[in-house]
Amino acid sequence: MAGKPVRPVNAIDQTRRMLSLVTYLRERPGARVEDVARAFGISEDELVSDLDVLPMCGTSFRGGDLLDIDTDGERIWWHNPAALAAEAAEPLRLAADEATALLVAARAVSTLPGLRESDRQALLRATAKVETAAGEAAGASSRLSVTFESEGGVFADVDRAIAERRRLWIRYYSPARDEVTEREIDPIRLVSVGHTYVEAWCRRSEARRTFRLDRVAEIKILDEPSAPPEIELRDLSEALVQPAAEDPEVVVEVGPGGRWVAEYYPHDSADELPDGGLRITLRTPDPASLRRLALRLGRDGRIVSPPELADSARQAAREALAAYDGIEAERTARVAEAGARGPQAVHAVPDGPGDGPG
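Residues take numbers from 1 onward in each chain, read along the sequence in its written order. Only residues with pLDDT of at least 70 get local features here, since the model is predicted, and only at 80 or more are side-chain atom pairs given and counted; chain-wide, interface and lining totals rely on the full set of residues. Side-chain descriptors were evaluated using all non-hydrogen atoms of the structure, hydrogens and water having been removed beforehand.

**Student:** Please explain the overall build of the protein chain as it appears in this structure.
**Tutor:** For the protein chain, the helix and strand inventory stands at nine helices and 11 strands. The buried label goes to any residue with under 20% of its type's maximum accessible area, the exposed label to any with over 50%, and the partly exposed label to all in between, with areas taken from a 1.4 Å probe on protein chains only. Within the protein chain, buried positions represent 30% of all 358 residues. We call two residues in contact whenever any of their non-hydrogen atoms come within 4.5 Å of each other. Pairs at least 24 residues apart make up 56% of the contacts formed inside the protein chain by residues separated by at least 6 positions. In these tables, accessible area is a Shrake-Rupley quantity obtained with a 1.4 Å probe, and a residue counts as shielded only by the protein chains included in the view. If you sum the accessible surface of the protein chain, you get close to 22,600 Å²; carbon and sulfur atoms cover 53% of it. Secondary structure elements are defined from DSSP: runs of H or I of at least 4 residues count as helices, runs of E of at least 2 residues count as strands, and each element is numbered from the N terminus.

Shown next as C-alpha cells:
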C-alpha cells in the first residue's frame with residue numbers, strides 16, 4: 001500500500017488519534033483510506049495499523065459491544081456505529097463481590113493518615129453513593145476491614161508533602177550498604193515501577209535520588225518548603241535507574257553465564273570477549289551498590305574498575321566465603337559429635353533382657 005514511511009509509534013499519540021478516529025469514522029461512513037490518512041497527517045500503513053486495533057475496543061468485551069470496523073484497502077466501513085450510541089449504553093452493574101471489594105478499598109483509603117481532607121470527603125461521598133446503588137450487596141463490606149502497613153502511611157505523607165510543597169525528613173534503609181541513613185529530601189513525584197518510589201532531590205547528596213517507600217523506616221513532614229532545583233523529569237517507563245553522564249564509571253567483565261547483566265543494567269557499552277562473555281561499561285551514582293552484583297555473579301563475573309571497588313568486592317566475597325565455611329565447619333562438628341555419641345548410647349543401654357553381655 002502506498003504512503004509515507006511508518007514512523008515510530010508513540011502510545012499516547014496513537015491513543016489520542018484513535019479516539020478522534022472513532023468520531024471521525026462515525027460521521028463519515030465509507031470514508032476513503034487515503035482521505036482519512038491525509039486528514040490525520042499519517043501514512044496509510046499507520047492508519048491500517050490503527051484500524052487493526054479498533055475492533056478490540058468497545059463499551060465491553062461482549063461481541064456486540066466491540067467496534068465492528070474493517071477496510072477493503074480503499075474504503076473504511078463501520079458496521080455497528082449504534083454500539084456507541086447513548087441509547088445503547090447500559091447502566092453499570094456491580095456484582096456482589098465487586099461491590100464488596102470496591103467499598104472495602106474505599107473505606108480503607110479514607111482512613112490513610114495524611115490524606116487531604118477534601119479528598120477524604122469526596123471519597124466518602126462517592127462511597128455512600130456506591131453503598132446506595134449496591135443495596136444488599138453492600139452488606140458484606142461492613143463486616144470486612146483492611147489495615148494498611150507502614151508503606152500506606154508513608155505514601156500518604158509523601159503525597160501530602162508534594163501537594164503542599166514541603167520538605168521531608170526520612171530514615172531510609174539502603175540494602176546495598178546494609179545501613180539506615182537520615183536525610184532531608186524535596187519530593188518531586190511518586191512513581192510506580194514494580195514498587196512505589198518517590199523521586200526527590202536529596203539534600204544529603206545534593207542530587208536527584210529515588211527512594212522505595214517500603215524501605216522508609218520513619219518519615220516526618222517538615223515546615224521548610226520543598227525547593228528542588230529545576231530538573232527535567234525522566235521517562236521511567238523503561239527503567240527506574242537511569243544513570244547520569246557525570247556518575248562514576250564501572251567496568252564489569254562477565255562470562256557466558258553472566259550476559260544477563262547487559263539486559264538488566266543500563267550501560268554505555270557491552271563489548272564481546274573471546275570466551276563468549278562481555279566487557280560491560282556502566283555508570284551508577286553509588287558504585288558500592290554493585291558489590292552485591294559481584295557476589296551474585298560469583299565465578300561468572302568480576303568488577304574490573306575502579307580498582308578500589310574491585311578490591312572491595314573481592315573482600316566481600318572472601319568474607320562471605322569465610323562465613324559460609326564457618327557455618328559448614330560448625331555443622332560438620334555437630335554431625336560428628338552426634339555420631340560419636342550414638343554408639344555409646346547403644347552399648348550403654350541394652351535393648352531388652354538377655355541383650356546385654358552375658
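After presenting the structure, the write-up continues.
**Student:** Before we go on, may I ask you to explain helix 4 (residues 96-110) in this structure?
**Tutor:** Because an α-helix completes one turn every 3.6 residues, residues spaced three or four positions apart along the sequence face the same direction. Between its first and last C-alpha, helix 4 extends 21 Å over 15 residues, near the 21 Å set by a 1.5 Å rise per residue. For helix 4, the complete set of buried residues consists of A99, T100, L103, V104, A106, A108 and S110. At its buried positions, helix 4 is contacted by helix 5 (117-134). Each residue after the first adds 1.5 Å to the expected span of a helix.

**Student:** Help me understand helix 5 in this model?
**Tutor:** For helix 5, with 18 residues, the first-to-last C-alpha span of 25 Å sits near the 26 Å given by 1.5 Å per residue. Backbone geometry just after helix 5 places G135 at a positive phi near 65°.

**Student:** Help me understand the sheet that holds strand 11 (residues 301-305), please; the structure alone is not making it clear to me.
**Tutor:** Backbone hydrogen bonds hold the strands of a sheet together, and the pairing may be parallel or antiparallel. The four strands lie next to each other as 9-10-8-11, forming an open sheet whose pairing is antiparallel. Edge positions in the open sheet fall to strand 9 (269-272) and strand 11, since each of these has one partner strand only. When the angles between neighbouring strand axes are averaged without regard to direction, this sheet yields 20°. Pairing between strands requires that DSSP locate at least two bridges from one strand to the other. Lines are fitted to the C-alpha atoms to define the axes, a helix being fitted only along its stretch in contact, and any angle between axes, read from their N-to-C directions, falls within 0 to 180 degrees.

**Student:** Would you mind showing me how to read the confidence of the model for the protein chain here?
**Tutor:** Detailed reading of predicted coordinates is not advised where the pLDDT is low. Overall, the prediction assigns the protein chain a mean pLDDT of 76, with 70% of residues at 70 or greater. Mean pLDDT across the elements of the protein chain bottoms out in helix 9 (residues 307-348) (67) and peaks in strand 7 (residues 216-225) (92). Confidence of the prediction at every residue is given by pLDDT, a number between 0 and 100. pLDDT under 50 marks residues 1-9. Its contacts with residues more than four places away, or in other chains, come to 17 contacts. Predicted confidence is poor over residues 343-358, with pLDDT under 50, and the contacts of this stretch with residues over four places away or in other chains come to one contact.

**Student:** Explain the pairing of strand 9 here, please?
**Tutor:** If a strand is regular, its side chains alternate between the two faces of the sheet. Of the strand pairs in this sheet, strand 9 and strand 10 (residues 278-283) are connected by four bridges, and their pairing is antiparallel. Note that in strand 10 the partner of D271 across the bridge is R279.

**Student:** I keep staring at the environment of A126 and nothing clicks. Help me out?
**Tutor:** The residue A126 is located in helix 5 in this model. On the basis of relative accessible area, A126 is assigned to the partly exposed category, the value being 36%. Separated by 23 residues in the primary sequence, A126 and L103 place their C-alpha atoms 9.7 Å from one another.

**Student:** How should I be thinking about the nonpolar core in this particular structure?
**Tutor:** The nonpolar side chains of a soluble globular protein tend to be buried, and buried together. Residues L25, V36, L47, L51, L54, I69 and I76 are the most contacted members of the largest nonpolar core, which totals 17 residues. Every element with two or more residues in this core is listed here: helix 1 (11-26), helix 2 (33-40), helix 3 (44-53) and strand 2 (76-78). Counting residues per element, this core draws most heavily on helix 1, which supplies five residues. For V36, the contacting residues outside a window of four places in its chain are L21, Y24, L25, A31, L47 and I76. For this analysis, a nonpolar core means a set of buried residues of the types Ala, Val, Leu, Ile, Met, Phe, Trp, Tyr and Cys, connected via side-chain atoms within 4.5 Å. Formed by 16 residues, the second largest nonpolar core is a distinct cluster that contains I280, L290, A294 and I303.

**Student:** How should I be thinking about the packing of aromatic side chains in this particular structure?
**Tutor:** Two aromatic rings are characterised by how far apart their centres lie and by the angle between their planes. Aromatic pairs are defined between Phe, Tyr and Trp rings, using the six-membered ring for Trp, whenever the two ring centres lie within 6.5 Å; interplanar angles under 30 degrees are classed as stacked, those over 60 as edge-to-face, and all others as tilted. Inspection of every chain in the model, using the stated rule, returns two aromatic pairs. With 5.3 Å between their ring centres and 75° between their planes, Y24 and F40 make a pair best called edge-to-face. Taken as a pair, Y24 in helix 1 and F40 in helix 2 lie far apart in primary sequence, 16 residues in all. By relative accessible area, F40 is classed as partly exposed at 21%. Considering the side-chain rings of Y172 and F211, the 5.0 Å spacing of their centres and the 80° angle between planes classify their relative orientation as edge-to-face. One end of the pair, Y172, is in strand 3 (residues 166-174); the other, F211, is in strand 6 (residues 207-212), with 39 residues separating them in the sequence. Each of the two residues, Y172 as well as F211, counts as buried. By the criterion adopted, a ring carries a charge over it if an Arg CZ or a Lys NZ lies within 6 Å of its centre and within 35 degrees of its normal. Against the face of Y24 rests R28, its NZ or CZ located 3.9 Å from the ring centre.

**Student:** Would you take a moment to explain unusual backbone geometry for this structure?
**Tutor:** With glycine set apart, most residues show a phi of negative sign, and most peptide bonds adopt trans. Residue S305 is joined to P306 through a cis peptide bond whose omega torsion reads 5°. Position of P306 among the secondary structure elements: in the loop between strand 11 and helix 9. Located in the positive-phi region is R165, a residue other than glycine, with phi close to 55°. Topologically, R165 is positioned in the loop between helix 6 (150-164) and strand 3. With a phi angle near 50°, E206 is a residue other than glycine that sits in the positive phi range.

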